[in-house]
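Reading the structure
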Amino acid sequence: MRRTNMIITIDGPAGAGKSTAARMLARRLSFEFLDTGAMYRAVALSALRAGIELRDEPALARFVRGVSLEMPAGLVLLDGADVSVAIRSQAVSDAASLVATSPAVREHLVHLQRIIAADRNIVCEGRDQGTVVFPDATCKFFLIADAEERARRRHRDLAVRGEAIDPATLMETLRRRDRQDATRPVGPMKAADDAIEIDSTGLSSEQVVERMEAVVLSRRSPA
Ligand code: C5P
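Now for a look at the structure at hand. Given the structure is predicted, the values throughout are model-derived calculations rather than measurements.

1. Thoughts on the sheet that holds strand β4 (residues 77-78)
- Within the open sheet, the three strands sit side by side as β3-β4-β5. Their pairing is antiparallel. The outermost strands of the open sheet, each flanked by one partner alone, are β3 (69-70) and β5 (81-82).
- In this structure, β3 lies alongside β4, joined through two bridges in antiparallel fashion. Paired with Leu 69 across the two strands is Leu 78, which belongs to β4.

Given below as structure tokens:
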């Protein structure tokens, strides 16, 4: 059945500016916004708190089915409690990339993402949104940036949280996460064949969003 709602996907590596771009683009278009990385982070946080061994696929598969995750606008609720801040730590970033290799976790979250987006005009950002979750999306973007710039952005985000990580270590963990995200067998980070690649290195968020908006408007069917 043909969709009547419009889905825009933004995929790409950590620190490329996906969340900011997705949020700003959604606001400009009066669309909703879904940060799917936050969902993997919430599952990871929940598993860490429960002492689940993150490489134990059967244990994770059982566990994820019982996780109560809600994504009301701008919030991430785990068992009803807001974990929007707690999921941003470096420890949770690493754990999220690990639980994201689990086919059971991915299946569960992909299903949830499709339910959330079902009848909405929405901008969804992550790693597999244009390839696996919404292959029929109207506009697909793959946002990239130099590793150095991505590490600088992550460093700034973590510093705001009061978490100091030295830039060399950060760069190494970013590279490890990229490698893990791009090489996992299920839902790897990858540009869809019909995605438009944008390199945000040296661009402001406004410039990135302007480029995206121009593409979206050119594809919007006349009312
Ligand atoms: O985007 P963010 O850095 O918050 O994502 C955290 C982790 O969640 C990523 O490193 C990736 O492993 C995983 N993820 C994913 N698929 C998505 C979104 C995020 O595997 N659609």
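There is more to say, and it comes next.
2. Considering the site of the ligand
- Lining the immediate environment of the ligand, one finds 16 residues, of which Arg 41, Arg 106, Asp 128, Arg 177 and Asp 181 sit closest.
- One of the side-chain N or O atoms of Thr 36 is found 3.0 Å from a nitrogen atom in the ligand.
- Within the side chain of Arg 106, one N or O atom sits 2.7 Å away from an oxygen atom of the ligand.
- About the coverage of the ligand: the protein hides 96% of its 450 Å² of free accessible area.
- Of all the secondary-structure elements, those providing two or more residues to the shell around the ligand are α2 (36-50), α4 (90-99) and α8 (167-183).
- Per-element accounting of the shell around the ligand gives the leading share, four residues, to α2.
- Grouping the amino acids of the shell around the ligand by side-chain chemistry returns three nonpolar, five polar and eight charged.

3. Details of the packing of α4 against α8
- Contact geometry of α4 with α8 gives a least axis separation of 9 Å together with a crossing angle of 20°. The angle between α4 and α8 falls in the class roughly parallel. As α4 packs across α8, the resulting crossing turns out to be left-handed. Facing α4, whose interface residues are Gln 90, Ser 93, Asp 94, Ser 97 and Leu 98, α8 presents Leu 170, Thr 173, Arg 176, Arg 177, Gln 180 and Asp 181.
- Of the residues in the contact of α4 with α8, the class split is two nonpolar, five polar and four charged.

4. Regarding α2
- Spanning 15 residues, α2 covers 22 Å between terminal C-alpha atoms, matching the ideal 21 Å at 1.5 Å per step.
- Taking burial as the measure, the 15 residues of α2 include eleven buried ones, the bulk of the element.
- Listed in full, the buried residues belonging to α2 are Thr 36, Ala 38, Met 39, Tyr 40, Arg 41, Ala 42, Val 43, Ala 44, Leu 45, Ser 46 and Ala 47.
- You can read the cap of α2 off the contacts: a side-chain oxygen lies 3.1 Å from the backbone nitrogen of Gly 37, and it is on Asp 35.
- Downstream of α2 by a residue or two, Gly 51 has a phi angle that is positive, lying close to 70°.

5. What to know about unusual backbone geometry
- Unlike most non-glycine residues, Ser 30 shows phi in positive territory, near 60°.
- Structurally, Ser 30 can be placed in the loop between α1 (18-29) and β2 (32-35).
- Here Ser 30 falls in the exposed class, since its relative accessible area comes to 66%.
- Positive phi outside glycine occurs at Asp 79, with the angle close to 50°.
- If you trace the backbone, Asp 79 turns up in the loop between β4 and β5.

6. Here's the deal with the nonpolar core
- Counting residues in hydrophobic clusters, the biggest one holds 37 residues, and the most contacted among them are Leu 69, Met 71, Val 76 and Ile 87.
- Every element with two or more residues in this core is listed here: α2, α3 (57-65), α4, α5 (103-117) and β6 (122-126).
- The leading source of residues in this core is α2, at eight residues.

7. With respect to the sheet that holds β2
- Spatial strand order, β2-β6-β1-β7-β8: five strands in an open sheet with parallel pairing. Bordering the open sheet on either side are β2 and β8 (196-199), each of which pairs with just one other strand. The average undirected angle you get between the axes of adjacent strands in this sheet is 20°.
- Pairing geometry for strand β1 (residues 7-11) and strand β7 (residues 139-144), over four bridges, is parallel. Considered in β7, the bridge of Thr 9 is made with Lys 140.
- Across the sheet, α5 is in contact with β1, β2 and β6; its angle to β6 comes to roughly 160°.

Calculation criteria
- Residues numbered from 1 in each chain as written.
- Predicted model: local features only at pLDDT ≥ 70, side-chain atom pairs only at ≥ 80, totals over all residues.
- Heavy atoms only, no water.
- Pairing = 2+ DSSP bridges.
- Helix = DSSP H or I, 4+ residues; strand = E, 2+ residues; numbered from the N terminus.
- Near = heavy atom within 4 Å.
- Polar contact = N/O pair within 3.5 Å; in protein donor to acceptor, adjacent residues only side chain to side chain.
- Areas by Shrake-Rupley, 256 points an atom, 1.4 Å probe, with all protein chains shown as cover.
- Nonpolar A, V, L, I, M, F, W, Y, C, P; charged D, E, K, R; others polar.
- Axes fitted to C-alpha atoms, helices over the stretch in contact; angles between N-to-C directions.
- Parallel < 35°, antiparallel > 145°, perpendicular 65-115°, else oblique.
- Left-handed = near helix turned anticlockwise from the far one by under 90°.
- Contact = heavy atoms within 4.5 Å.
- Expected span 1.5 Å × (residues − 1).
- Buried < 20%, exposed > 50% of the residue type's maximum accessible area, 1.4 Å probe, protein only.
- Core = buried A, V, L, I, M, F, W, Y, C linked by side-chain atoms within 4.5 Å.

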